[in-house]
Amino acid sequence: MTALLEVRDLVKTFGSGEAETRVLRGLNLAMQTGELAALLGPSGSGKSTILTILGTLMHPTSGSHTMLGLDLTTASDRALTEFRNLHIGFVFQFHNLLPDFTALENVCFPTAVREGRETAAARLRGEELLVRMGLSERIHFPTANLSGGQKQRVAVARALMNRPELVLADEPTGNLDRASALQVMDLIGEINREEGTTFLISTHDEKIAAQCRRQIVVGDGLVTG
Amino acid sequence: MLYALKIATRYLTASRAQTALLVFGVAIGVFIFIFMSALIGGLAEFIMMRTAGDMAHITIQAEAVDPALLNPAALGTVLLVQEPSTKATAILKDTSAFIPLIEGLPGVKGISQQINGTGFLTRGGQVTQVSINGLEPGHESVIANLASYVTEGTANLGAGGVLLGKTLVEDMDLTLGQTVRLQSSSGVVAVLTITGIYEMGSGGPDRRQAYVSLATARTLFKLPQGVTRVEIKLDDLYAADALAPQIKALTGLDAKSWTEQAAQLLDALKAQAQTGYILKAFALLTIVIGVASALLLSTYRRRPEIGIMRAMGAGRWFVMVVFVAQGALIGLMGGLFGAAAGYGVLLAFPSRDSFGPGQSGLPIDIRQGAYGLAIWLTTLGAILASILPARAAARLDPVTAIGQ
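In short, a report on the structure. As the structure is a prediction and not an experimental result, all values here were calculated from the model. (Residues numbered from 1 in each chain as written. Chains lettered and ligands numbered in written order. Predicted model: local features only at pLDDT ≥ 70, side-chain atom pairs only at ≥ 80, totals over all residues. Heavy atoms only, no water.)

Taken residue by residue, the interface counts 25 residues in chain B and 28 residues in chain A. Summing the contributions of chain B and of chain A, the shared interface buries around 2300 Å²; its carbon and sulfur component is 62%. The tally of links from chain B across to chain A stands at six salt bridges. Note that Lys6(B) and Glu105(A) form a salt bridge whose closest N and O atoms lie 3.1 Å from each other. Our count for the contact surface shared by chain B and chain A stands at 12 residue pairs in polar contact (both at pLDDT 80 or more). When contributions to the side of chain B that touches chain A are tallied by element, the ones reaching two or more residues are α1 (2-14), α10 (303-311), α11 (316-347) and α13 (398-402) of chain B. At seven residues, α1(B) tops the list of elements feeding residues into the side of chain B that touches chain A. (Contact = heavy atoms within 4.5 Å. Buried area = accessible area lost by both parts, 1.4 Å probe. Salt bridge = Lys/Arg side-chain N within 4 Å of Asp/Glu carboxyl O. Polar contact = N/O pair within 3.5 Å; in protein donor to acceptor, adjacent residues only side chain to side chain. Helix = DSSP H or I, 4+ residues; strand = E, 2+ residues; numbered from the N terminus.)

Time to look at the sheet that holds strand β8 (residues 198-202) of chain A. All names here are of chain A. Read across the open sheet, the six strands follow the order β6-β7-β8-β3-β9-β10; overall the sheet is mixed. Of all strands in the sheet, those with a lone pairing partner are β6 (88-91) and β10 (222-223), marking the two edges. Relative to strand β7 (residues 166-170), β6 is paired through four bridges, and the arrangement is parallel. Bridged to Phe-90 within β7 is Leu-168. (Pairing = 2+ DSSP bridges.)

So, about the layout of surface pockets. Residue and element names in this part refer to chain B. Its boundaries defined by the atoms lining it, the largest pocket holds a volume of some 840 Å³. Around the largest pocket sit 34 residues that line it, and Asp-54, Met-55, Ala-56, Arg-229 and Glu-231 are the ones nearest its centre. Elements supplying a minimum of two residues to the lining of the largest pocket: β1 (58-61), β2 (108-123), β3 (126-135), α4 (146-149), β8 (209-213), β9 (229-234) and β10 (255-257). Looking at the lining of the largest pocket, its residues break down into 14 nonpolar, 12 polar and eight charged. (1 Å grid on protein atoms, 1.4 Å probe; cavity = no way out; pocket = protein on both sides within 12 Å on 5 of 7 lines; lining within 4 Å. Points joined across faces, edges and corners; volume = space filled by probe spheres on them. Nonpolar A, V, L, I, M, F, W, Y, C, P; charged D, E, K, R; others polar.)

Moving on, we get to the nonpolar core. In this structure, Phe109(A), Leu200(A), Ile7(B) and Phe318(B) are the most contacted members of the largest nonpolar core, which totals 59 residues. At seven residues, α11(B) tops the list of elements feeding residues into this core. Excluding residues that lie within four positions of it along the chain, Phe318(B) makes contacts with Phe109(A), Val113(A), Tyr3(B), Ala4(B), Ile7(B) and Met309(B). Counting residues in each nonpolar core, the second largest holds 50 residues, with Val108(B), Leu164(B), Ile197(B) and Ala240(B) among its members. (Core = buried A, V, L, I, M, F, W, Y, C linked by side-chain atoms within 4.5 Å. Buried < 20%, exposed > 50% of the residue type's maximum accessible area, 1.4 Å probe, protein only.)

What follows is the structure, given as structure tokens:
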């Protein structure tokens, strides 16, 4: 395994003056390529903030953030957008698909937005991913017509579209029934094993966390275990 | 760009009712724009046809000969009063030398050589002062379209014939075919037959003009050669200001554009055109406000989706293009529908030919609907209107927008 990312002395505060809230208090974390890690901790412990910063959607207040050897701490919005598109995938708790598009169009989005159009190669890759997610019958379905579990599998396929090194999943099973949750986790585990994609999964569910090879526990803005 | 356009199109088709309403609103604005253009343009055309349409666009008149001053130098200081003669004694000789030159100029539609003067029309004990216009036979309708104004008889001026206005005929209780005596200011009398009666709908010409042939006018004003005036009609009356100096340079004669005599008319037309611009600007403003507010609402409604797109690697520029493209598509569709509706409705109005004398109807000119301009301006306006919401969308913080 090689080093994929590292954050050092990460501090994130929101608000200012008396209303200032310090969510991260000098957090340190390193991940290797191919890891399947669960991010555990109580509500308000800073799990979502960590994912947001690692996902380059937010700058830390202080500290350093590197990934694939690049210092992302002070990179421009444009550079981070491009980096995010190429190297990071997201799976959100509420799937967050584009509702007016089909499953395939949603999956192809990360590639199409970079290339300026939906290429035949992108569509082929999207279809393969959807088949792998067990959605071969739903490829051209509008996402509004899919069940919760199906939507989340489409979201996983979308996160994998550009073959990212890192997939950040924020409570990916939090809104699913047990069977669907296990199905999604099985898929994540399979992709992690077969393609070496690194997953960092934020969860409250210890059974889900147990399926991951590493558990990172955060509390009070620091990694505690 | 192409992909942003696809997303923009999908957003518009996903909210069909809202999009249709928006396009309808824009189309109404475009319709008003086109209708106003056709109405204001038609009205201007109507006024021009009824006024400058019957005027000479360029006039060449012989310069009046100043009366000789009898000023014996030896008598010391003398008070002199100079009064121009009312007799048309100033003539343009050798018209055959310069008429072909003028005819060769681009934009010249027709030339009328005339002998003008004043005289008295007599029938029994009735006497009326008239302006006498001697026109070349066959060229009667080159300047004022006399043929179209004739209500009885013919506009053709033969030897011994005279064409009189309807009001004059009624005032003197005359009828077609009667003979009248016409005495010029030179004192020559001619007995003429009324061969035509016209009605221009204007008091002056209908009451005070008498048209005779150029040959008759030569006799009346004792002018065996030359003419007193040359009138020129152009294809485009607005070209007169540019062409008059050319004619002056070419012939050395004092050619005057009609605009020198019609400043007030031009001012009125300009004021009318400006009123039209203001009305059209309001129509455009309505479109811009409508599109901007609708897209702002759309931006607010699609905040989570904008956040997702940004998280997936869509740049601010891409998001901007998605919303600007929506504005452009709404503007273009509204423009096309509005222009089509405008053209369809304008077809129901009488054609431009109804602007002629004796015909009624709204002076709407379907050709002046400015359809292309309306579509272009609407699309441009809608694009400009979408920039503010598009910027707002592009600047959304993805984390806040997603609400995770």
